[in-house]
Amino acid sequence: MEKRRENGRIISKAISFLLNRITLIVLAATLVLFVGGRFEIASATQPNAELEIQKLASCYALGTDAIGRGNVLEGKNIYRDCFTQDAVLTAVFPDGASETRIGTDAWADFVNSVFQGNGYVATQHLMGTINISVQNNKATMSSYLHATHKRSETSIDVANGTYEDEVVNKNGRWKIRNRTLKLIDFLNLSSPTTNSSAADSSATDSSAANARITSSSPSFVRPKIPRLKH
């Protein structure tokens, strides 16, 4: 009888020891997964988020330049990859005037009307100096704009400014929810015209050169902006 009790105590201790070991192993594994998983998210997801958000700046430029070459439908399709469906987009011009549209299709139509109204045959939007701050599923982004709008072989309009964006992550995808463009200048640059008769006389060379300098100076232009009907 005593031997059975002793065996029972040994078995009980062995079971208790094994249970304690298993519990420690499970706790250790859980801790590793929790801490390790969070570490991976913090170290890997953040850079990925910034890279995905940065691509939105290029996405918008590509969509706008598609409209600039006359393909409005392509521009609208590209915009849908950049913005939320109810995105609010605003442009503030150097003279203080501003225009706002809600939704990418409305903005694409506005952009197209500006390009058509000013006779642009092509555009090129260059993005740079991109700064991004991510907070969970929201982010802010600012980016510099240098845009060239071709009027003819000898005349372009050049715009410079800053985009300020509010970005959100919905269903695993980053998109711009609110964008404001603050333009600091909008200038026309034209190639100088020469007077053929002036070229025949050396006496008029100096005045012709002065005329070229004057005519080639940049000048502020107020692009034709279609207003919303109230």
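Here the structure is shown first, and the text comes after it.
Residues numbered from 1 in each chain as written. Predicted model: local features only at pLDDT ≥ 70, side-chain atom pairs only at ≥ 80, totals over all residues. Heavy atoms only, no water.

Caption draft 1: View of the packing of aromatic side chains. For the coordinates displayed, the defined rule picks out six aromatic pairs. Both rings, one in Y79 and one in F83, keep their centres 6.0 Å apart while their planes meet at 85 degrees; by these two values the pair is edge-to-face. Per residue, the accessibility class of Y79 equals that of F83, and both read buried. Where W107 meets F110, the ring centres are 5.1 Å apart and the plane angle is 50 degrees; that geometry is what we call tilted. One end of the pair is W107 and the other is F110, both in helix 3 (residues 104–117) and three residues apart, which spans about a single turn. Each residue in the set Y60, Y79, F83 and Y163 is aromatic and connected to the rest through ring pairs, giving one cluster. Just above the ring of Y60 sits the side chain of R179; from NZ or CZ to the centre is 4.6 Å. The cationic tip of R179 hangs over the ring face of Y163; the distance from NZ or CZ to the ring centre is 4.0 Å. (Phe/Tyr/Trp six-rings, centres within 6.5 Å; stacked < 30°, edge-to-face > 60°. Buried < 20%, exposed > 50% of the residue type's maximum accessible area, 1.4 Å probe, protein only. Helix = DSSP H or I, 4+ residues; strand = E, 2+ residues; numbered from the N terminus. Lys NZ or Arg CZ within 6 Å of the ring centre and 35° of its normal.)

Caption draft 2: Up close: the pattern of salt bridges. Evaluation of the coordinates by the stated rule reveals nine salt bridges. As a salt-bridge pair, E164 and K182 come within 3.4 Å of each other at their nearest N and O atoms. Of this pair, E164 sits in strand 5 (residues 155–170) while K182 sits in strand 6 (residues 173–190), and the two are 18 residues apart along the sequence. (Salt bridge = Lys/Arg side-chain N within 4 Å of Asp/Glu carboxyl O.)

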